[in-house]
Amino acid sequence: MRKQIAAANWKMNLSWQKGEALLDAILAKEYQLTANRTAVFAVPFPYLHLAQQKLQGKQNVFVAAQNCSNKKSGAYTGEVSAEMLQSLSIPYCIIGHSERREYFNETNQQLAEKTDLLLEYNIIPIFCCGEPLQIREANTQNAYVAKQLEESLYHLTTEQVQKVVIAYEPIWAIGTGKTASKEQAEEMHAFIRRQLAQKYGQEVADSISILYGGSVKANNAKEIFAEPDVDGGLVGGASLIADEFSVVIDSLK
Ligand code: PEP
């Protein structure tokens, strides 16, 4: 079975104290997590070490960074490298979130570079893709997402691409309270998997986890995650509330 993942994306929210209290509250709950049913917490850089300490000894719960540099090292003030994340034993890193693409002008090419660096340092990229509203309204979302995949991931070898987690996040559903219907989510996830199968073969495509992101909450996670090509979610707003995110984790297949 493909890995099912409930990934929290805290974005630029919470003080250290509030973050610590949130982690404590979520970790105090009982979950049936396994190697194939995991939770991931993408916390701000200054809290990575705190989160690592809190999760020590917990099975199948991991820390993620929310971004990394596309440069290896050197005079890039304010940047955080994949190598630095590896030195903290961070196993996952989100890249290409639509907020990074929109506000920080990240390009598909830069994301290809970030993917390479993360894989070089044995960190699993959670690669975000997804279309803005006008593309969805023009019904050209498949071509839009296919181009994102092609330009950022298709240079990878078969062995490398199997290490990547993909998060499909329609931009019109992020932080808007407007979720894609389970049918819309499944349609795009199945399309992404077909694209991967064309490029890398069906077996490889079937092994890659594709998360859905966009206003996932306690009251809709179960029905979205139940779709055959949806392997969990990347969750923003609802991941900041212990009771909400706990239900999201419990909604994994
Ligand atoms: C996200 O930040 O990736 C996200 C999907 O946010 P939200 O759940 O708040 O829509």
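Because the structure is predicted, anything quoted here is derived from the model rather than measured.

Asks: Is there a simple way to think about the UniProt feature "active site" (unreviewed entry) in the protein chain in this case?
Replies: Taking the numbering used here, the UniProt-annotated feature "active site" (unreviewed entry) corresponds to His 97 and Glu 169. These annotated residues cover 73 residues of sequence, and their C-alpha atoms all fall within 8.3 Å of one another, placing them together at a single site. Locating His 97 in the fold gives a position in the loop between strand E4 (92-95) and helix H4 (98-103). Residue classification places His 97 among the buried positions, given that 26 C-beta atoms sit within 10 Å. The residue Glu 169 is located in the loop between strand E6 (165-168) and helix H9 (182-200) in this model. You can call Glu 169 buried: it has 27 C-beta atoms within 10 Å. Once residues lying within four places of it in the same chain are set aside, the contact partners of Glu 169 are Ser 98, Cys 128, Gly 130, Ile 174, Gly 213, Gly 214 and Leu 234.

Asks: In this structure, what is going on with the pairing of E4? I would like to understand it.
Replies: The two faces of a sheet get side chains in turn, since along a regular strand they alternate between them. Burial along E4 is two-sided: the face carrying Tyr 92 and Ile 94 and the face carrying Cys 93 and Ile 95 are both buried. In this sheet, E4 lies alongside strand E3 (residues 61-65) in parallel orientation, the contact comprising two bridges. Residue pairing in the sheet places Ala 65 in a bridge with Cys 93 of E4. Read from E3 through helix H3 (residues 82-87) to E4, the crossover connection turns out right-handed. Relative to strand E5 (residues 124-129), E4 runs parallel, the two being bridged by four bridges.

Asks: Could you clarify how one ought to interpret the UniProt feature "binding site: substrate" (unreviewed entry) in the protein chain in this entry?
Replies: Sites flagged by UniProt as "binding site: substrate" (unreviewed entry) map to Asn 9, Trp 10, Lys 11, Gly 175, Ser 215, Gly 236 and Gly 237. Taken along the chain, the residues just named run across 229 residues; in space they keep tight, none of their C-alpha pairs more than 14.0 Å apart. Tracing the backbone through its elements, the reader meets Ser 215 in the loop between strand E7 (210-213) and helix H11 (221-225). For Ser 215, the residues in contact, after removing those within four places along its chain, are Ala 173, Thr 176, Gly 177, Lys 178 and Thr 179.

Asks: Please explain the site of the ligand as it appears in this structure.
Replies: In the vicinity of the ligand, 14 residues are found, and the nearest of them are Ile 174, Gly 175, Gly 213, Gly 236 and Gly 237. Of the residues assigned to the shell around the ligand, the class counts are five nonpolar, seven polar and two charged.

Asks: Just checking my understanding: could you explain the sheet that holds strand E1 (residues 4-9) for this structure?
Replies: Strand pairs in the sheet, formed through backbone hydrogen bonds, run parallel or antiparallel to each other. Taken in spatial order, the eight strands of this closed barrel run E1-E2-E3-E4-E5-E6-E7-E8, and their pairing is parallel. Sheet twist, expressed as the average angle between the axes of neighbouring strands with direction ignored, equals 25°.

Asks: Mind showing me how you'd approach helix H1 (residues 16-27) here?
Replies: Residues spaced three or four apart along an α-helix point in a common direction, a consequence of the helix completing one turn every 3.6 residues. Taking 1.5 Å per residue, 12 residues should reach 16 Å; H1 reaches 16 Å between its end C-alpha atoms and fits that length. Its buried side turned inward, H1 meets strand E2 (37-42), helix H2 (48-55) and helix H12 (242-250).

Asks: I'm lost on unusual backbone geometry in this one. Help?
Replies: One can expect most non-glycine residues to show negative phi and most peptide bonds to be in trans. In this model, Leu 14 sits at a positive phi of 80°, which is unusual for a non-glycine residue. Relative to the helices and strands, Leu 14 resides in the loop between E1 and H1. The exposure class assigned to Leu 14 is partly exposed, which follows from the 17 C-beta atoms found within 10 Å. For Asn 105, which is not glycine, the phi dihedral falls at a positive 55°. Of note, Asn 105 is situated in the loop between H4 and helix H5 (108-120). Taking the number of C-beta atoms within 10 Å as the measure of exposure, Asn 105 has 8 and is therefore exposed.

Conventions adopted
Residues numbered from 1 in each chain as written. Predicted model: local features only at pLDDT ≥ 70, side-chain atom pairs only at ≥ 80, totals over all residues. UniProt positions renumbered as here; feature names shortened; annotations may be inferred. Helix = DSSP H or I, 4+ residues; strand = E, 2+ residues; numbered from the N terminus. Buried ≥ 20, exposed ≤ 12 C-beta atoms within 10 Å, placed from the backbone. Contact = placed C-beta atoms within 7 Å. Pairing = 2+ DSSP bridges. Right-handed = clockwise from strand over helix to strand, strands pointing away. Near = placed C-beta within 6 Å. Nonpolar A, V, L, I, M, F, W, Y, C, P; charged D, E, K, R; others polar. Axes fitted to C-alpha atoms, helices over the stretch in contact; angles between N-to-C directions. Expected span 1.5 Å × (residues − 1).

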